[in-house]
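Next come the chains, spelled out residue by residue.
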Number of protein chains: 2
Amino acid sequence: MQPKRNTWQREAVRATLAEAHGFVSAQQLHQSLRDGGSTIGLATVYRNLAGLVETGEADSLQSPEGENLFRSCATQGHHHHLICRSCGDTRELSATVVEEWTQRVGAEHGFSEIEHVVDLFGLCARCRAARSA
Amino acid sequence: MQPKRNTWQREAVRATLAEAHGFVSAQQLHQSLRDGGSTIGLATVYRNLAGLVETGEADSLQSPEGENLFRSCATQGHHHHLICRSCGDTRELSATVVEEWTQRVGAEHGFSEIEHVVDLFGLCARCRAARSA
DNA sequence: CGTTATAGTGATAGCCGTTCTCATTTAGAA
DNA sequence: TTCTAAATGAGAACGGCTATCACTATAACG
């Protein structure tokens, strides 16, 4: 276990991430902080985000454009997301079915160290209503 | 409909992609072509790959590292992939379990038009053996 | 308290995949 | 053959991210 010091930068990243409504990019987060008067560096934002992901305090996923997005995580442990492609609203999902399936399929093909990307994008009820209005 | 001309470059990309065993990056494909004596440019490889994806002749997905990978598509219609992160060898999967799960979860949360990204990355038997040797 | 070792920081350079630019080439129609 | 614009290719540019390294400040210890 590496030593971890408490810095105001780490806390600032944590706080700003928590304030964000959905998934945010590291750069957006950095900009928010700078806009708020912080002198925090971009590299530090990246480092702390990576740290938060490692400890399970934050989630990360790739946007379809290949950018890494982050979100402060409510649920501990492994889980997936259902994301509204219109408003970005996110639901956290746990999916035993999927976990079992990945393991089984991996084993059947002789693959090990299975990593899986399972994210659902859809249109939430509110956005669907708004669109048809 | 935009005009499409037939160039030897397009055909070369198609052919080399078909020869590849699994998912390949644009850069790898370009390198293969150059190694084979072709004078094709990198930008052209990118352009033609994008074109093939658009017409459904090729699949594309993001690796966990954020790189775009391409593959000439055997199965028509919706399917998933199990990909060796070392050699790129790929198995196409159909997964009724997963399809059902996505629909159910979407409905439970009032989401519609569910799109899902489900791709598995692992280490195939051959690469695992090679690594421990 | 003050001292001190070192984890953490921040500016910036660098890396890597991808896209853009633009002069040149060439497919395909006339 | 002639013509025109789609397509090409070399390299510049771009954007996200990581590495570097001198400096700062946390927190353990005296």
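What counts, and where the lines are drawn
Residues numbered from 1 in each chain as written. Chains lettered and ligands numbered in written order. Predicted model: local features only at pLDDT ≥ 70, side-chain atom pairs only at ≥ 80, totals over all residues. Heavy atoms only, no water. Domains from an automatic or database assignment. Contact = heavy atoms within 4.5 Å. Buried area = accessible area lost by both parts, 1.4 Å probe. Helix = DSSP H or I, 4+ residues; strand = E, 2+ residues; numbered from the N terminus. Salt bridge = Lys/Arg side-chain N within 4 Å of Asp/Glu carboxyl O. Buried < 20%, exposed > 50% of the residue type's maximum accessible area, 1.4 Å probe, protein only. Pairing = 2+ DSSP bridges. Near = heavy atom within 4 Å. Polar contact = N/O pair within 3.5 Å; in protein donor to acceptor, adjacent residues only side chain to side chain. Nonpolar A, V, L, I, M, F, W, Y, C, P; charged D, E, K, R; others polar.

Right, let's get into the domain arrangement of chain A. All names here are of chain A. When cut into domains, chain A gives domain 1 (1–73) and domain 2 (77–133). Between the C-alpha centres of domain 1 and domain 2 there is a distance of 22 Å. Counting residues at the interface gives six residues for domain 1 and seven residues for domain 2. Across the domain 1 to domain 2 interface the summed buried area is about 560 Å²; carbon plus sulfur atoms make up 57%.

Turning to the side chain of S112(A), a few remarks are in order. Position of S112(A) relative to the elements: it lies in strand β6 (residues 112–123). Not counting the four nearest positions on each side in its chain, S112(A) is found in contact with G122(B), L123(B) and R128(B).

Before going further, it helps to spend a moment on the pattern of salt bridges. All names here are of chain A. With the rule as written, the count across this model stands at 12 salt bridges over all chains. Residue R14 is joined to E11 by a salt bridge in which the shortest nitrogen-to-oxygen separation is 3.2 Å. You can see R14 and its partner E11 sitting in helix α1 (residues 8–19), three residues apart, about one turn around the helix. For R14, a relative accessible area of 26% puts it in the partly exposed group. Given a relative accessible area of 41%, E11 falls into the partly exposed group. Members of the salt-bridge network, linked through shared partners, are E11, R14 and E57.

This next bit is on the pairing of strand β4 (residues 80–84) of chain A. Residues and elements named next belong to chain A. Most of β4 is tucked away: five of the five residues are buried. Across the two faces of β4 the burial is the same, with H80, L82 and C84 and H81 and I83 all buried. Connecting β4 to the next strand, strand β5 (residues 90–93), in antiparallel fashion are five residues, including G88 with a positive phi near 80 degrees.

Bringing the protein's contact with DNA strand D into the picture now. Taken together, 21 residues sit near DNA strand D, with N6(A), Y46(A), T7(B), T44(B) and R47(B) positioned nearest. The sugar-phosphate portion of DNA strand D accounts for 68% of its atoms within 4 Å of the protein, the bases making up the rest. In this structure, Y46(A) approaches DNA strand D through a side-chain N or O atom, which is 2.6 Å from a phosphate oxygen. Those elements that place two or more of their residues in the surface near DNA strand D are α3 (42–54) of chain A together with α1 (8–19) and α3 (42–54) of chain B.

So, about the interface of chain A and chain B. Each side of the interface is counted separately: chain A has 39 residues, and chain B has 39 residues. In this assembly, chain A packs against chain B so that about 3200 Å² is buried in total across both faces, 59% of it on carbon and sulfur atoms. On inspection of chain A and its partner chain B, the count reaches two salt bridges. Residue E115(A) pairs with R85(B) through a salt bridge whose shortest N-O separation is 3.1 Å. Taken together, chain A and chain B are joined by 17 residue pairs in polar contact (both at pLDDT 80 or more). The class makeup of the residues in the side of chain A that touches chain B is 19 nonpolar, 10 polar and 10 charged. Summarising the sheet, β6(A) and strand β6 (residues 112–123) of chain B pair through nine bridges and their orientation is antiparallel. Opposite E115(A), over in β6(B), you have F121(B) as the bridge partner.

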